[in-house]
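Reading the structure
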Amino acid sequence: MRTETSTKTGADLLVESLLREDVETIFGYPGGAVLPIYDALYKAKESFHHVLSRHEQGAVHAAEGYARVSGKPGVVIATSGPGATNLVTGITDAMMDSLPLVIFTGQVARQVIGTDAFQEADVMGITTPITKHNYQVQSMSDLPRIVREAFHIATTGRKGPVLVDIPKDISASIQEGSFDTTFDLPGYQPTTKPNPLQIKKLADAISKAKKPLLLAGAGVLHGEASSLLKAFAVKHSLPVATTLLGLGSFPGNHPLSLGMAGMHGTYAANMALYDCDLLINIGARFDDRLTGNLKHFAKHAAVAHIDIDPAEIGKNVNTKIPIVADSKEALHEMLSMIEESPQHEEWMKQLQDWKKDFPLGYKHSDEGVSPQWLVEAIYKETEGRAIVTTDVGQHQMWAAQYYTFSDPDRWVTSGGLGTMGFGFPAAIGAQLAKPDETVVALVGDGGFQMSMQELSLLQEKGLPVKVIIMNNESLGMVRQWQESFYEERYSESLLPVQPDYVKLAESYQIRGFKVETEEELQRVIPEVFAYNGPVVLDCRVLKLENVYPMIAPGKGIHEMIGVKP
Ligand SMILES: Cc1ncc(C[n+]2csc(CCOP(=O)(O)OP(=O)(O)O)c2C)c(N)n1
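The structure displayed is predicted, hence computed values, not measured ones.

Let us look at the site of the ligand. Of all residues adjacent to the ligand, which total 17 residues, the nearest are Gln-394, Gly-418, Gly-446, Gly-447 and Gly-476. Separating a nitrogen atom of the ligand from a backbone N or O atom of Gly-418 is a distance of 2.8 Å. In the model, an oxygen atom of the ligand is placed 2.7 Å from a nitrogen or oxygen of the Gly-447 main chain. The protein chains hide 76% of the 580 Å² of surface that the ligand would expose on its own. When residues in the shell around the ligand are grouped by element, the largest group, 4 residues, is from helix H19 (residues 445-451). Across the shell around the ligand, the residue classes break down as 6 nonpolar, 10 polar and 1 charged.

Each strand in a sheet pairs with another by means of backbone hydrogen bonds, the pair being arranged parallel or else antiparallel. Strand order in the open sheet formed by 6 strands is S11-S10-S9-S12-S13-S14, and the pairing between neighbours is parallel. Looking at strand neighbours, the two that pair on one side only are strand S11 (257-260) and strand S14 (321-324), the edges of this open sheet. Within this sheet the neighbouring strands show an average axis-to-axis angle of 15 degrees, counted without direction. Pairing of strand S13 (residues 302-307) with S14 involves 4 bridges; the strand directions are parallel.

The next subject is the packing of aromatic side chains. All chains considered together, the criterion is met by 12 aromatic pairs. Between Phe-286 and Phe-297, the aromatic rings sit 5.4 Å apart at their centres with planes inclined by 75 degrees, giving edge-to-face as the arrangement. Remark: Phe-297 occurs in the loop between helix H13 (288-291) and S13 and Phe-286 occurs in the loop between strand S12 (278-282) and H13; sequence separation between them is 11 residues. Each member of the pair, Phe-286 as well as Phe-297, carries the same accessibility label: buried. Ring geometry for Phe-448 against Tyr-501: centres 6.0 Å apart, planes inclined by 50 degrees, an arrangement best described as tilted. Of this pair, Phe-448 sits in helix H19 while Tyr-501 sits in helix H22 (residues 501-507), placing them 53 residues apart in sequence. In this structure Tyr-501 comes out as buried when scored by relative accessible area, which is 1%.

Conventions and cut-offs
- Residues numbered from 1 in each chain as written.
- Predicted model: local features only at pLDDT ≥ 70, side-chain atom pairs only at ≥ 80, totals over all residues.
- Heavy atoms only, no water.
- Near = heavy atom within 4 Å.
- Polar contact = N/O pair within 3.5 Å; in protein donor to acceptor, adjacent residues only side chain to side chain.
- Areas by Shrake-Rupley, 256 points an atom, 1.4 Å probe, with all protein chains shown as cover.
- Helix = DSSP H or I, 4+ residues; strand = E, 2+ residues; numbered from the N terminus.
- Nonpolar A, V, L, I, M, F, W, Y, C, P; charged D, E, K, R; others polar.
- Pairing = 2+ DSSP bridges.
- Axes fitted to C-alpha atoms, helices over the stretch in contact; angles between N-to-C directions.
- Phe/Tyr/Trp six-rings, centres within 6.5 Å; stacked < 30°, edge-to-face > 60°.
- Buried < 20%, exposed > 50% of the residue type's maximum accessible area, 1.4 Å probe, protein only.

By themselves, these observations are geometric and do not establish any function.
Okay, structure coming up:
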């Protein structure tokens, strides 16, 4: 809380507010309604690193990647009308995956709002259902408080995107404004500490369980609770399955890990979810891609659900032990209050057998690069330590299956919304947040073509992102569903006409490679990672390979197809 008075423009006040929030990096794109803001940023350019995306959707996905790996809020600026509407997919993506963003949109001047003024869009109406909260600033003196509130709301409780719409007359007006950030949000008081009585109930359930299972979701990562999760699992010898977004919250190579659960999860993880008698969900949403047909999901289990968002508890799955809390606080209490471990030797033996008898696997082919092998080659070359971002589709699932994440915050994917075009700009944000880390954007040929204009940023900023296109000349996941459920009618899912990605990369002064065989890949991959700069690798893979195991739509979690001993 600070109160100072001086003569400033609204845009100056905004810039000052951003400095007070320790913002260093801003992703954005200018336009008429944000000209005063960009002018103020120009004057403060020593203080910020502004990243000029080539499309506003690129800016918001980059901000998501930045937020995901840094833990800090991603900040985005776009102009009114088309600038703001271009953000919509990314904002929805951040909302679904609980990523903290603060987005500033320009708006037409207050006196013309509602007149269909040039580049006017009802950003408040459009973004109300896709933001955690949104504001339209009505008075310059409110601006510092609103910015403070926006950062507070985005980064506390269940994190998410908050939008601040700023009419141009407010950003342009010069006033004697006071810098007052005092706020009071009585209706917004997220519960972070667990109720000890509920932890006691959980302790009791654990002591009696014969088939206990921990399910770790993205909430473990958002709560920075990975090391506590590991300590708790090890203390009681509890097996752990992770969701797609929870990968890395528990080491994938740990003996207690069952790997990823869900539509393309491992046999062991899915059967454990089917058969367990106590399911302890920490920070997962029980979404349909995880549960399959709810009729069969954890049907023999008492369910405990730990979530910072009370609205998630009991939403999809009946919950016996609800615990509203931050994952770190909850695990902390669980570690100190729960002493008695379950007697579950038989269960552990069963799980080991499932792991051993039904591992993930694929057959090599002489006809080209196996996509799974490509992921394994990237894993080996980066020693499992890269930050990996993906688009959505087959490559995303193979990355989740074959790149074993052992550390938190190295996996950046679009889980809830499933947004093609996410992976490449998200990698740019991740690389900006972690300049010294190896960042791989593993993308599909379909998804990459939705955001490849951001190659300009690799060139301009010299970011050493390794873009690896898993190129199956198709919208692979759509093609797979058409093969499996639509009698091979490949309606608009094949992409035989492709750009020359090597020339495309070279036109941005980026190194480009193309490989078509595993031999070539083996030769090129060390070069890709040894090179201290951006690379685009067009890797042609088998066109008809499918992702397995799979739970077909409408089926139960135990009804996987493509499981081979
Ligand atoms: C923006 C958007 N449009 C459409 C879809 C539907 N969709 C899901 S996966 C997929 C295919 C993706 O193809 P590609 O990027 O080449 O990846 P692949 O599945 O081949 O690995 C499509 C079209 C989507 N997820 N996102």
